[in-house]
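# Inside the fold
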Amino acid sequence: MHAIWEMLISACVFKMLRCHAGGYHAKTRIGCYIFSCMMVLTLCVCNRINFPLEVYILSVIISDIFILTLAPIDNVNNVLDDKEKKRHKKEILKILLVCNIAIMIMLCKNIAIFKYCISGLSLVALA
């Protein structure tokens, strides 16, 4: 889809948050592969659409609320104790703060890549 740079930006935000926030994990390798491919396709499609500014802002707010409310989420392969959950929560707060500030700066300076950061953030909230 000729979206290498867009994907890299979205994937960076996704990776920074996902490793601390946790979320859905498929039970099989093929399920993981299919899920990952669907996430990449979703990012590529969403990054191609130009939404109104209000949609982007609302997306950040909703994503932040979901992530702060639900994360960190453990799974069968990585069960977290209370100490680990607190540590991950602090890291999530730091990353969200940096991401939100960066998005606001990009919005104010009219730097178009803000939407790729938002799509990565939104995908973490969904996953």
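See the structure above.
No experiment lies behind these values; they were computed from the predicted model shown. (Residues numbered from 1 in each chain as written. Predicted model: local features only at pLDDT ≥ 70, side-chain atom pairs only at ≥ 80, totals over all residues. Heavy atoms only, no water.)

### Side note on the packing of helix H3 (residues 53-70) against helix H5 (residues 114-126)
For the pair H3 and H5, interaxial distance at closest approach is 9 Å and the crossing angle is 35 degrees. Relative to H5, the crossing made by H3 is left-handed. Along its contact with H3, which presents Tyr56, Ser59, Val60, Ser63, Asp64, Phe66 and Ile67, the element H5 presents Phe114, Lys115, Ile118, Leu121, Ser122, Val124 and Ala125. In terms of residue class, the contact of H3 with H5 is built from nine nonpolar, three polar and two charged. (Axes fitted to C-alpha atoms, helices over the stretch in contact; angles between N-to-C directions. Helix = DSSP H or I, 4+ residues; strand = E, 2+ residues; numbered from the N terminus. Left-handed = near helix turned anticlockwise from the far one by under 90°. Contact = heavy atoms within 4.5 Å. Nonpolar A, V, L, I, M, F, W, Y, C, P; charged D, E, K, R; others polar.)

### Things to note about the packing of aromatic side chains
Tallying each qualifying case throughout the model produces two aromatic pairs. The interplanar angle of 80 degrees and the centroid separation of 5.8 Å between the aromatic rings of Phe51 and Tyr56 together place this pair among those described as edge-to-face. We classify Tyr56 as buried; its relative accessible area is 7%. With a centroid separation of 5.1 Å and 80 degrees between ring planes, the pair formed by Tyr56 and Phe114 is classed as edge-to-face. Residue Tyr56 is located in helix H3, and its partner Phe114 is located in helix H5; the two are separated by 58 residues in the primary sequence. On the accessibility criterion, Phe114 (12% relative accessible area) is buried. Clustering of aromatic rings is evident, with ring pairs tying together Phe51, Tyr56 and Phe114. (Phe/Tyr/Trp six-rings, centres within 6.5 Å; stacked < 30°, edge-to-face > 60°. Buried < 20%, exposed > 50% of the residue type's maximum accessible area, 1.4 Å probe, protein only.)

### Quick word on the environment of Cys46
Mapped onto the secondary structure, Cys46 falls in helix H2 (residues 29-48). Judged by its relative accessible area of 32%, Cys46 is partly exposed. In this structure, the C-alpha to C-alpha distance between Cys46 and Tyr116, residues 70 residues apart in sequence, is 8.7 Å.

### Comments concerning the pattern of salt bridges
Using the criterion set out here, one finds one salt bridge in the structure. One salt bridge in this structure joins Glu91 and Lys94, with 3.4 Å as the shortest N-O distance. Here Glu91 pairs with Lys94, and both are found in helix H4 (residues 82-108), just three residues apart, close to one helical turn. (Salt bridge = Lys/Arg side-chain N within 4 Å of Asp/Glu carboxyl O.)

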